[in-house]
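# Structure assessment
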Amino acid sequence: MKYVFILNPVAGKCNAGTWLEAAVRQAGEAAGVQPILERTTHPGHARELAARYAGGGEPVYLYACGGDGTLNEVLQGSAGSEQVSVGCVPCGSGNDYVRNFGTADQFLDILSQLRAVPVRMDALDTSFGIGVDIFAAGLDAQVAYGIPRFRRLPGCGGTMAYTLSILQALCTPFGHRLRITLDDREQVGTYMLLAICNGRMYGGGYNAAPYACMDDGLLDVVLVNPLSRLKIASILSLYKKGRHLTQDGAVAPELRHCISFHRVRRVEVQVLDKRPIIATLDGECAPVTSLYAQALPGKLSMLLPPSVYGQLQTLYRVPVLNKA
């Protein structure tokens, strides 16, 4: 078994390499293994490294050391390989993937990472490629598109950068006329945002799908109609806390006039107005005129530290994810 840590040195607000190299070496000595540390040098390099190790013909644990974008690159590069399990060492600004399971500190324990449990999770197969967490479009994606200009400001972490980008987005036109196909049901309407969720968290801690399960073969889809700028702040406050949905899969009564919720296996979206919509997958953003997403049950083997795996039953209130 190979243990490979792929480090994005420019992720987050500081260079994780200043502590990670020593931590990996010390953990390797304690565990009796010889982990490899690779540093990325350009955009897309994490994907290239992941593809190289995935094609090496032997089992490998690949650890994405960076933000959600670095994790996305590692997943893209290793997609389809049965020899690879992917872990995450959160060194970015938002670190939304790990929020689905526990705290960043639990994932920053490198010795625990070397003893991680591989579990089967659904893949989010999209027009942007393979992901694991949330594929979103509209206002929230537009916000993600604007985050980089804020997240390196002093004292501006993931949630603060997200909030500032929201304020900026609210000063521009938003809302798109969309044709949305949910499995075999088609609907047309004007929407402010949509979130197609395999996981629960995105945007630096916004709980878009508080009861999403990463191994049920289904996507939790949240659609939000246009709102006045005066009402957006109060709605987003509930959305951030996950209070827009109830545990039985219903929209909170006070929000049914503006939010709808669906559990499906596949989603297709066509933009009917003349303005491309911004879409984002696990931190990667681009303007598009169409998009799709579907759940691929059990397609990913993901690594969780033992303490994280042990608390899943309490966290999700569902059967524990199956070991790979």
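### Examining the overall build of the chain
Of the regular secondary structure elements, the chain holds 12 helices and 18 strands. The globule rule puts the C-alpha radius of gyration for 324 residues at 20 Å, and the 19 Å found for the chain is close to it. Taken across its 324 residues, the chain has 56% of its residues classed as buried. Long-range pairs, those at least 24 residues apart, make up 73% of the contacts in the chain between residues at least 6 apart in sequence. About 13700 Å² of surface is accessible on the chain, with carbon and sulfur atoms providing 52% of the total. Side-chain charges of the chain comprise 30 positive and 27 negative groups, with the mean position of each set lying 6 Å from the other.

### Notes on the packing of aromatic side chains
Under the defined criterion, the tally for this structure stands at 6 aromatic pairs. When the ring of Phe5 is compared with that of Tyr63, the centres are 4.4 Å apart and the planes differ by 10 degrees; the resulting orientation is stacked. Taken as a pair, Phe5 in strand β1 (residues 2-7) and Tyr63 in strand β3 (residues 60-66) lie far apart in primary sequence, 58 residues in all. By the burial criterion, Phe5 is buried, and Tyr63 matches it.

### Describing the environment of Tyr211
With respect to the element layout, Tyr211 can be found in the loop between β12 (206-207) and β13 (219-224). The partly exposed category is assigned to Tyr211, whose relative accessible area is 30%. Remark: the alpha-carbon pair of Tyr211 and Thr246, spanning 35 residues in sequence, is separated by 8.3 Å. Here Tyr211 is in contact with Asp220, Leu245, Thr246, Gln247 and Arg263, once residues within four sequence places are set aside.

### Some points on the pattern of salt bridges
What the rule picks out here adds up to 9 salt bridges. Arg120 serves as the salt-bridge partner of Glu82, at 3.5 Å between the closest nitrogen and oxygen. Taken together, the residues Glu82 in the loop between α3 (68-78) and β4 (84-90) and Arg120 in strand β5 (residues 117-126) connect sequence positions 38 residues apart. Residue class for Arg120 comes out partly exposed when judged on its relative accessible area of 26%.

### Structural notes on helix α10 (residues 229-241)
Here α10 is 13 residues long and its end C-alpha atoms lie 19 Å apart, about the 18 Å a rise of 1.5 Å per residue gives. Taken as a whole, α10 has its buried residues at Ile232, Ile235, Leu236 and Tyr239. Downstream of α10 by one or two residues, Gly242 has phi in the positive range, about 75 degrees.

### What about the nonpolar core?
If you look at the biggest cluster of nonpolar residues, it comprises 33 residues, and the most contacted ones within it are Tyr97 and Leu304. Counting residues per element, this core draws most heavily on helix α2 (residues 45-54), which supplies 5 residues. Contact partners of Tyr97, with chain neighbours within four places excluded, come to Asp68, Leu71, Cys88, Met121, Val132, Asp133, Met214, Met302 and Leu304. If you look at the next biggest cluster of nonpolar residues, it comprises 31 residues, including Ala169, Tyr202, Val222 and Ile259.

About the criteria used
Residues numbered from 1 in each chain as written. Predicted model: local features only at pLDDT ≥ 70, side-chain atom pairs only at ≥ 80, totals over all residues. Heavy atoms only, no water. Helix = DSSP H or I, 4+ residues; strand = E, 2+ residues; numbered from the N terminus. Rg over C-alpha atoms; globule rule 2.2 N^0.38 Å. Buried < 20%, exposed > 50% of the residue type's maximum accessible area, 1.4 Å probe, protein only. Contact = heavy atoms within 4.5 Å. Areas by Shrake-Rupley, 256 points an atom, 1.4 Å probe, with all protein chains shown as cover. Lys, Arg positive; Asp, Glu negative; His and termini not counted. Charge placed at Lys NZ, Arg CZ, Asp CG, Glu CD. Phe/Tyr/Trp six-rings, centres within 6.5 Å; stacked < 30°, edge-to-face > 60°. Salt bridge = Lys/Arg side-chain N within 4 Å of Asp/Glu carboxyl O. Expected span 1.5 Å × (residues − 1). Core = buried A, V, L, I, M, F, W, Y, C linked by side-chain atoms within 4.5 Å.

Functional significance is not addressed by these values, which are geometric in nature.
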